[in-house]
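Examination of the molecular architecture
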Amino acid sequence: MLALLLLGASPLSALAAEPAPSTATLQIQSNHPDNLWHYRTYQDGANCKGLSHPNRVAGPIGIPASGPFTFFVSAASSGSLSHYRYCWSNVTFTPEAGQRYLARFDFGRDTCRVAVVKTGADGTEPPTSVDIQLRAYKPPFLQSGSWCGKPIKQ
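Points about the confidence of the model for the protein
If pLDDT is low for a region, its predicted coordinates should not be looked at in detail. When pLDDT is averaged across the protein, the result is 76; 71% of the residues are at 70 or more. Counting contacts from residues 1-20, a segment whose pLDDT is below 50, to residues more than four positions away or on other chains yields 3 contacts.

What to know about the packing of aromatic side chains
Tallied over the entire structure, the rule returns 6 aromatic pairs. Summarising the aromatic geometry, the rings of Phe69 and Phe93 are spaced 6.0 Å apart at their centres and angled 85° between planes, so their arrangement reads as edge-to-face. You can see Phe69 sitting in strand β5 (residues 69-76) and its partner Phe93 sitting in strand β6 (residues 86-93), a full 24 residues away along the chain. Accessibility assignment for this pair places Phe69 and Phe93 in one class, buried. On the basis of an interplanar angle of 65° and a centroid distance of 5.9 Å, the ring pair of Trp88 and Tyr137 is categorised as edge-to-face. Pair noted here: Trp88 is in strand β6 and Tyr137 is in strand β10 (residues 133-137), with a separation of 49 residues, a long-range link.

Examining the pattern of salt bridges
Applying the stated criterion across every chain yields a total of 3 salt bridges. Here Asp106 makes a salt bridge to Arg104, at a shortest N to O gap of 3.8 Å. A salt bridge links Arg113 to Asp106, with the shortest nitrogen-to-oxygen separation between them at 4.0 Å.

Looking at the nonpolar core
Leu26, Ile28, Phe71, Val73, Phe93 and Val116 are the most contacted members of the largest nonpolar core, which totals 24 residues. Of all elements in the fold, only β1 (23-30), β2 (36-44), β4 (61-64), β5, β6, β7 (100-107) and β8 (112-118) reach the threshold of two or more residues within this core. Look past the residues within four positions of Phe71 in its chain and what remains in contact with it is Leu26, Ile28, Arg40, Thr41, Tyr42, Ser89, Asn90, Val91, Phe93, Ala103, Val114 and Val116. One finds Cys48, Leu51, Phe72 and Trp147 within the second-largest nonpolar core, a separate group that totals 6 residues.

Observations regarding the state of the cysteines
Chemically, a disulfide is nothing more than a covalent bond linking the sulfur atoms of two cysteines. Tallying each qualifying case throughout the model produces 1 disulfide. Each disulfide pairs two cysteine sulfurs, and for Cys48 the partner residue is Cys148, the sulfurs being separated by 1.9 Å. Since a negative S-S torsion denotes a left-handed disulfide, the Cys48-Cys148 link at about -70° is left-handed. Here Cys148 lies in strand β11 (residues 148-152) and Cys48 lies in the loop between β2 and β3 (49-51), a separation of 100 residues in the sequence. Comparing Cys48 with Cys148, the two get one shared label, buried.

Regarding the side chain of Thr92
Tracing the chain through its elements places Thr92 in strand β6. Reaching out from Thr92, the side chain makes a polar contact with the side chain of Thr70 at a distance of 2.6 Å. Only 3.0 Å separates the side chain of Thr92 from the side chain of Arg135, close enough to count as a polar contact. Those residues in contact with Thr92 that sit more than four places away from it in its chain are Gly45, Pro68, Phe69, Thr70, Asp131, Ile132, Gln133 and Arg135.

The rules we used
Sequence order as written defines the numbering, with residues in each chain counted from 1. The predicted origin of the model limits local features to residues at a pLDDT of at least 70 and limits the giving and counting of side-chain atom pairs to 80 or more, whereas totals for whole chains, interfaces and linings rest on all residues. Only hydrogens and water are set aside; all other atoms, that is, all heavy atoms of the structure, feed into the side-chain values. Confidence per residue, as judged by the predictor, is encoded in pLDDT with a range of 0 to 100. Contacts are assigned to residue pairs with any non-hydrogen atoms lying within 4.5 Å of each other. Only Phe, Tyr and Trp rings take part, Trp by its six-membered ring, and two of them pair if their centres are within 6.5 Å. Stacked means planes under 30 degrees apart, edge-to-face means over 60, and tilted covers everything else. Numbering goes from the N terminus for both helices and strands, where a helix is a DSSP run of H or I of at least four residues and a strand is a run of E of at least two. Only protein chains enter the area calculation, which uses a 1.4 Å probe; residues under 20% of their type maximum are buried, those over 50% are exposed, and those in between are partly exposed. Whenever a carboxyl oxygen of Asp or Glu lies within 4 Å of a side-chain nitrogen of Lys or Arg, that contact is scored as a salt bridge. Joining through side-chain atoms within 4.5 Å is the link that ties buried Ala, Val, Leu, Ile, Met, Phe, Trp, Tyr and Cys residues into a set, and such a set is a nonpolar core. A pair of cysteine sulfur atoms is labelled a disulfide when the two atoms are within 2.5 Å. For the purposes of these results, a polar contact is taken to be a pair of N or O atoms within 3.5 Å, where, inside protein, one atom must be able to donate a hydrogen and its partner to accept one; residues adjacent in sequence count only when each atom of the pair is a side-chain atom.

This is the structure in structure tokens:
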């Protein structure tokens, strides 16, 4: 420590010099906001491990842009038990640093789908479709395991 001080460097300045991780922004919307819906993200998007706690906030979230990113989105219909319906998807895509993304979750009587579009760094560019991979939802034996099953054909 004394050597660092004598050389004019400190441990704090060494830490500050490290670059911040690359991030992007994602906003998830549902076509039926009154249905019960939520999403979760994974710390390890490629392997669907490190599940975060449920979130029902509609605002944008910061996401890592250093490789595949996966989020889980689900919804349940309201009404009688005979008409109760549940829908879920694991969605994987690779975000670009500094970009904004919008995920639209369409849930209805006969639909359950997710689409992701890139809206650009400042949010004013025309939306462009993003290639996504839908993956089956598979609860693991242990919480630390993978929450994704095989890819689903679209």
